[in-house]
Amino acid sequence: MSASLSTEKIDPTSWYDSRVSDYISLLKPRVMSLVVFSGFAGLYLAPGTIHPFIAFIAILCIALGSGASGAINMWYERRTDSLMKRTRTRPIPTGKISPENAIEFAVILAFASVFIMGIAVNYMAAFLLLLAIVYYVFVYTIWLKPRTPQNIVIGGAAGAFPPVIGWAAVTGNVTIEPIILFAIIFMWTPPHFWALSLYRCEDYKKAGIPMLPVVAGVEETKKQILFYTMLLVPLTFVPVGFDICGIIYAISAAILGIIFIYHAIKVYLDNKKNTASKTSINMFKYSVIYLFLLFTMMMVDHAAR
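Here is what the cut-offs are and how they apply
- Residues numbered from 1 in each chain as written.
- Predicted model: local features only at pLDDT ≥ 70, side-chain atom pairs only at ≥ 80, totals over all residues.
- Heavy atoms only, no water.
- Phe/Tyr/Trp six-rings, centres within 6.5 Å; stacked < 30°, edge-to-face > 60°.
- Helix = DSSP H or I, 4+ residues; strand = E, 2+ residues; numbered from the N terminus.
- Buried < 20%, exposed > 50% of the residue type's maximum accessible area, 1.4 Å probe, protein only.
- Core = buried A, V, L, I, M, F, W, Y, C linked by side-chain atoms within 4.5 Å.
- Contact = heavy atoms within 4.5 Å.
- Expected span 1.5 Å × (residues − 1).

1. Quick notes on the packing of aromatic side chains
Okay, so step 1: Inspection of every chain in the model, using the stated rule, returns 14 aromatic pairs.
Okay, so step 2: For the pair Phe-111 and Phe-115, a centre-to-centre distance of 5.8 Å together with 10° between the ring planes defines the contact as stacked. Here Phe-111 pairs with Phe-115, and both are found in helix α6 (residues 99-121), just four residues apart, close to one helical turn.
Okay, so step 3: For Phe-115, a relative accessible area of 47% puts it in the partly exposed group.
Okay, so step 4: Where Phe-161 meets Phe-182, the ring centres are 5.5 Å apart and the plane angle is 75°; that geometry is what we call edge-to-face. With Phe-161 in the loop between α9 (157-160) and α10 (162-171) and Phe-182 in helix α11 (residues 176-199), the pair connects residues that are 21 residues apart, well separated along the chain.
Okay, so step 5: Pairwise contacts between aromatic rings join Tyr-135, Phe-161, Phe-182 and Phe-186 into one cluster.

Written out as structure tokens, the structure reads:
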């Protein structure tokens, strides 16, 4: 903890409230919300039945595993986080939580999430949850992110696991259907995150993180965003071909996909030299809404059928 924080007179109640909120922030709650939602979608779409309490435990474990991964990520990247405008107010760089407390908290959560999933739900779901945590921490955070501009493409698999875990929580196995859900999120991740990296390009330069716009340039990043978007949209119709979803979802996917392509084209045609333009951040914001609505319509279609 920094000296300024340690000498500051703080009301005990407000200090306690602040600490709780800081630990919640350590879990990356906004990222967690999308992870939990896609995990629930996989659970809901899976054939078979699951007791509501067991389903709740499964979703809770996915949330804890996601939060633990985010906390370990913050612990490992605490130095680069302190250099970036977007992340310098996180709990560790500001001294609100010590690195030692952060990593202890994260490891306990990670262990608890996998252990409870195995005991209360099934071993396959627990194994997949463990695999997702290990992949995010060791493959993406430690290995890929500081070394290659393809970190998001390869590392995007970590964020694509939740619907597969949710599916396995019900069925105890993995079939082609959850792999399709995995592929949709996997293909969605590059245009989603590269839109943000365009907007925050200077931040990544300052921190020395080799994101695509830093290494390959703005124009190449725009091309890649459009390329992956054009791959993603047709992929979203595959669930219809495998009878996971029907006409309601197909129409929704078409409308949502057209809007996504529109945003990608706007980013591609944006001639502003300033990378922090509204077109890139608008695409990033829409991409979150897009994935949320896409999986929502899967569930709506499933319920209607």
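2. Let's talk about the nonpolar core
Okay, so step 1: Counting residues in hydrophobic clusters, the biggest one holds 93 residues, and the most contacted among them are Met-117, Ile-165, Ile-184 and Phe-295.
Okay, so step 2: Here Phe-295 is in contact with Phe-37, Ala-41, Pro-163, Leu-181, Ile-184 and Ile-185, once residues within four sequence places are set aside.

3. Brief notes about helix α3 (residues 29-45)
Okay, so step 1: Helix length check: α3, at 17 residues, gives a terminal C-alpha distance of 24 Å against a target of 24 Å (1.5 Å per residue), a fit within 8%.
Okay, so step 2: Looking at the buried positions of α3, the neighbouring elements they touch are α4 (52-76), α10, α11 and α17 (278-304).

4. Comments concerning the side chain of Ser-197
Okay, so step 1: Considering the arrangement of structural elements, one finds Ser-197 in helix α11.
Okay, so step 2: Not counting the four nearest positions on each side in its chain, Ser-197 is found in contact with Tyr-204, Met-211 and Pro-213.

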